[in-house]
Amino acid sequence: MASTPTRPSPTALIDLDRYPIAELRTQAARQVIANARAGIAEQGVAIFPGFVRPEAVEEIAAEVLAAKTQAHLQDVWGTPYLELPDESRPEGHPRRTSVHSRTWILAYDLVSS
């Protein structure tokens, strides 16, 4: 049986100074949550710039690139929501719009970080 890869703790990946999600009762954490909710209300999305530490992004990217030969290509048509188009929506609506997507998929058990 293969051993399970060691996973880093979230504190090694997340910029907890900027996003204090380990201490949700603090004023700083409540402000992060309020900003996220405002973003969802105003733009339909919450954006967290720098959420993952830059050095963690570099390590993850290097690992994934090194394992690319084990990935498989997913080549599909669908909506940006990864579903079939909904013809009941008005013309131009994202849930009605069909787009081509080509993505290399790497199985979770092949990623150690």
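Before going into details, it helps to say that this report is about the structure given with it. All values derive from a computational prediction rather than experimental measurement.

**Focus on the overall build of the chain**
A count of helices and strands for the chain gives three helices and two strands. For 113 residues, the compact-globule formula gives about 13 Å, and the C-alpha radius of gyration of the chain, at 19 Å, lies well above that figure. If one aligns the C-alpha atoms of the chain with their principal axes, the spans along those axes are about 45 × 45 × 25 Å. Taking all contacts inside the chain whose residues are at least 6 apart in sequence as the whole, residues at least 24 apart take part in 57%. Across the chain, the centroid of the 11 positively charged side chains sits 5 Å from that of the 14 negatively charged ones.

**Notes on the side chain of Asp15**
Mapped onto the secondary structure, Asp15 falls in the loop between helix 1 (10-13) and helix 2 (27-43). With no salt bridge to any partner, buried Asp15 finds its closest opposite charge in Arg53, at an N-O distance of 4.8 Å. Once you skip the residues sitting within four places of it in the chain, Asp15 turns out to touch Gly50, Phe51 and Arg53.

**As for helix 2**
The end-to-end C-alpha separation of helix 2 is 24 Å, in line with the 24 Å expected for 17 residues at 1.5 Å each. Within helix 2 the residues assigned to the buried category are Ala29, Val32, Ala36 and Gly39. The buried side chains of helix 2 occupy one side of the element, clustering within an arc of 85° when seen end-on. In this structure, helix 2 carries Gln27, Arg37, Ala41 and Glu42 as exposed residues pointing more than 90 degrees from its buried face.

**Focus: a nonpolar patch on the surface**
Among the surface-exposed residues, Ile21, Leu24 and Ile33 lie close enough to one another that they form a single nonpolar patch of about 230 Å² accessible area. Here Ile33 lies in helix 2.

**Some remarks on the packing of aromatic side chains**
Summed over the entire model, instances satisfying the criterion amount to three aromatic pairs. Three or more aromatic residues joined by ring pairs form one cluster here, namely Tyr19, Phe48 and Phe51. We note Arg95 situated over the ring of Tyr81; from NZ or CZ to the ring centre the distance is 3.7 Å.

**Digging into the pattern of salt bridges**
Evaluated as defined, the whole model comprises five salt bridges. Among the ionic pairs, Arg95 bridges to Glu83, the shortest N-O distance being 2.8 Å. Separated by twelve residues along the polypeptide, Arg95 in the loop between strand 1 (72-78) and strand 2 (99-105) and Glu83 in the loop between strand 1 and strand 2 bring together distant segments of the chain. On the basis of relative accessible area, Arg95 is assigned to the partly exposed category, the value being 25%. Owing to a relative accessible area of 32%, Glu83 belongs among the partly exposed residues under this scheme. Where Asp86 meets Arg89, a salt bridge forms, and the shortest distance between an N and an O atom there is 3.4 Å. A cluster of three or more residues bridged by salt bridges with shared partners is formed by Glu87, Glu91 and Arg96.

Scoring rules and cut-offs
Residues numbered from 1 in each chain as written. Predicted model: local features only at pLDDT ≥ 70, side-chain atom pairs only at ≥ 80, totals over all residues. Heavy atoms only, no water. Helix = DSSP H or I, 4+ residues; strand = E, 2+ residues; numbered from the N terminus. Rg over C-alpha atoms; globule rule 2.2 N^0.38 Å. Contact = heavy atoms within 4.5 Å. Lys, Arg positive; Asp, Glu negative; His and termini not counted. Charge placed at Lys NZ, Arg CZ, Asp CG, Glu CD. Buried < 20%, exposed > 50% of the residue type's maximum accessible area, 1.4 Å probe, protein only. Salt bridge = Lys/Arg side-chain N within 4 Å of Asp/Glu carboxyl O. Expected span 1.5 Å × (residues − 1). Arc of directions from axis to C-beta. Patch = residues over 30% accessible without salt bridge, like charges linked within 9 Å, V, L, I, M, F, W, Y side chains within 5 Å. Areas by Shrake-Rupley, 256 points an atom, 1.4 Å probe, with all protein chains shown as cover. Phe/Tyr/Trp six-rings, centres within 6.5 Å; stacked < 30°, edge-to-face > 60°. Lys NZ or Arg CZ within 6 Å of the ring centre and 35° of its normal.

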